[in-house]
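What follows is each chain in one-letter form.
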Amino acid sequence: MTYEFLQHYWWFIVSLLGALLVFLLFVQGANSVARTLGYTEEGRRLVYNSTGRKWEFTFTTLVTFGGAFFASFPLFYSTSFGSAYWLWMIILFTFVLQAVSYEFQNKIGNFLGPRTFQFFLTLNGILGPLLLGGAVATFFEGSNFLVAKDNLVSALPSVEEGLGLGSPVISSWANASHGLDALLNPWVLVFGFAVVFLARVLGILYVMNNVDDEDIRSRGSVRLIGAAIPFLVLFVAYLVHLLLKDGYAVDETGAIVMEPYKYLTNFLSMWYLLILLLIGVVLVLFGIGKSVFSKEYNCGIWPAGIGTVLVVLALLLCAGWNGTAYYPSTADLQSSLTIQNSCSSEFTLRTMFWVSLLVPFVLAYIVYAWRAIDSKKLTRDELDDEHAY
């Protein structure tokens, strides 16, 4: 296991977690259309109880994704999570609102009323995927930050000045927006809204599979078309833009340079990622298409979900492998982050490698718990349960 192998290995692990997180955003997607998918108050409660069984998976994956990034690529963590904190604080705040809303929307003594907390669930269902999708888009579009690695060994100000030792600032945002300026880039918004509609597609497919209610399933087919069309338009537009745009490459000296058609070159050079991308796209289209045209078919969440993981995984690997800066800086090109200049020490990556061998066992437990929770389809009778949301 060379240092280079460990760097690529941990970028794969982080990318896989990011891909799983995008798939699990079906919880947010279903909540964002719950009012039209459920239509009646009882129907909406069916949708919320369906997604309520899975929201912990999404939140846990989000935290694990952040933790893996912190451990393996700490300079990215300090730059994005530390400098672009307004973007991440809004994301985390909406997820906290989601957790609170599930528990309190129908509790006795809720003076705000169920609709207030249902509004919070809808808010999380839109802002969560939008901002997370926007954060992923900055891997290709760049962000406005500066990195001063010399500050790792310097302290400001000096003791002689009577001001005490300060903490050296390694990463800083080049303006006062602290990450929100990324939303001014139209291509970031295109990708962000593509993730919003993808989450809705997955959410509708999941509810159609998980809820035993003919009214919701029939409405789901119609709502699925309304979510799938804008998703496909936005995703294809961004994919074409990505393949034709200049990318951020690392030359032989380690300097960051602009390279025409960099991401297209990556897919052609790493043909296995291109195959992964194409298989994922076909699976997503199959899951959507068969669910729309076949009234008896309600398992579209599985091909579409697997396809989503494959597509996002291919995109994230394309952003970091093959000598590419995965977090480009638009303020200072040489501040851009690569898997080489932002990773932990070889000792840390090597130690974490052995710990990561436990991941398959964790995934096996998640699959077991998922199947146990969904062993029985959700019906209106279960709304009378004292533990129902």
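**Student:** Summarise the nonpolar core; cite the residues concerned and give the values.
**Tutor:** Formed by 107 residues in total, the largest nonpolar core has its most connected members in Trp11, Phe69, Phe73, Phe76, Phe139, Leu315 and Tyr326. Counting residues per element, this core draws most heavily on helix H9 (residues 186-210), which supplies 14 residues. In contact with phenylalanine 76, not counting residues within four places along its chain, are Phe69, Phe81, Phe139, Tyr326, Tyr327, Leu337 and Ser342.

**Student:** An account of helix H14 (residues 346-356) is needed here, citing residue identities and associated values.
**Tutor:** Those residues of H14 that fall on the buried side of the exposure criterion are Leu349, Met352, Phe353 and Ser356. All buried residues of H14 fall inside an arc of 115° around its axis, so they share one side. The exposed residues of H14 that point more than 90 degrees off its buried face are Phe347, Trp354 and Val355. On its buried side, H14 packs onto helix H1 (3-24), helix H5 (55-72) and helix H15 (359-373).

**Student:** Hey, could you go over the packing of aromatic side chains for me, with residue numbers and the actual values?
**Tutor:** In total, this model carries 41 aromatic pairs according to the counting rule given. On the numbers, 4.5 Å between centres and 35° between planes, the contact of phenylalanine 26 with tyrosine 206 is tilted. Placement of phenylalanine 26 in helix H2 (residues 26-32) and of tyrosine 206 in helix H9 is noted, with a sequence separation of 180 residues between them. On the accessibility criterion, phenylalanine 26 (0% relative accessible area) is buried. Taken together, Trp11, Phe65, Phe69, Phe73, Phe76, Phe139, Phe145, Trp173, Tyr326 and Tyr327 form an aromatic cluster joined through their ring pairs. For the cation-ring pair, lysine 54 lies above tryptophan 370, with the distance from its terminal atom to the ring centre recorded as 4.7 Å.

**Student:** Tell me about the pattern of salt bridges, and please be specific about residues and values.
**Tutor:** Evaluated as defined, the whole model comprises five salt bridges. Aspartate 215 is the salt-bridge partner of arginine 219, the closest N and O atoms lying 3.5 Å from each other. Of the two residues, arginine 219 and aspartate 215 are both situated in helix H10 (residues 214-244); the distance of four residues between them amounts to about one turn of the helix. In this structure, glutamate 346 engages arginine 350 in a salt bridge whose closest nitrogen and oxygen atoms are separated by 2.7 Å. In this pair, glutamate 346 and arginine 350 both sit in helix H14, four residues apart, roughly one turn of the helix. A residue is classified by how much of its surface remains accessible, and arginine 350, at 28% relative accessible area, is partly exposed. Several salt bridges share partner residues, and in doing so they unite Arg53, Lys54 and Asp374 into one network.

**Student:** Let's hear about the environment of isoleucine 279: which residues, and what values?
**Tutor:** Mapped onto the secondary structure, isoleucine 279 falls in helix H12 (residues 271-293). Residue classification places isoleucine 279 among the partly exposed residues on the basis of a relative accessible area of 42%. Placed 32 residues apart in sequence, isoleucine 279 and valine 311 show a C-alpha to C-alpha distance of 8.0 Å.

**Student:** Account for the packing of helix H7 (residues 85-104) against helix H8 (residues 114-141), naming residues and giving values.
**Tutor:** Axis separation between H7 and H8 bottoms out at 8 Å; the angle between their running directions is 150°. It follows that H7 is roughly antiparallel to H8 by the angle criterion. The crossing of H7 and H8 is left-handed. Across the interface between the two elements, Leu87, Trp88, Ile90, Ile91, Thr94, Phe95, Leu97, Gln98, Val100, Ser101, Tyr102 and Phe104 of H7 pack against Phe117, Phe120, Leu121, Leu123, Asn124, Leu127, Gly128, Leu131, Leu132 and Ala135 of H8. Taken together, the residues of the contact of H7 with H8 sort by class into 17 nonpolar, five polar and no charged.

Conventions we followed
- Residues numbered from 1 in each chain as written.
- Predicted model: local features only at pLDDT ≥ 70, side-chain atom pairs only at ≥ 80, totals over all residues.
- Heavy atoms only, no water.
- Core = buried A, V, L, I, M, F, W, Y, C linked by side-chain atoms within 4.5 Å.
- Buried < 20%, exposed > 50% of the residue type's maximum accessible area, 1.4 Å probe, protein only.
- Helix = DSSP H or I, 4+ residues; strand = E, 2+ residues; numbered from the N terminus.
- Contact = heavy atoms within 4.5 Å.
- Arc of directions from axis to C-beta.
- Phe/Tyr/Trp six-rings, centres within 6.5 Å; stacked < 30°, edge-to-face > 60°.
- Lys NZ or Arg CZ within 6 Å of the ring centre and 35° of its normal.
- Salt bridge = Lys/Arg side-chain N within 4 Å of Asp/Glu carboxyl O.
- Axes fitted to C-alpha atoms, helices over the stretch in contact; angles between N-to-C directions.
- Parallel < 35°, antiparallel > 145°, perpendicular 65-115°, else oblique.
- Left-handed = near helix turned anticlockwise from the far one by under 90°.
- Nonpolar A, V, L, I, M, F, W, Y, C, P; charged D, E, K, R; others polar.

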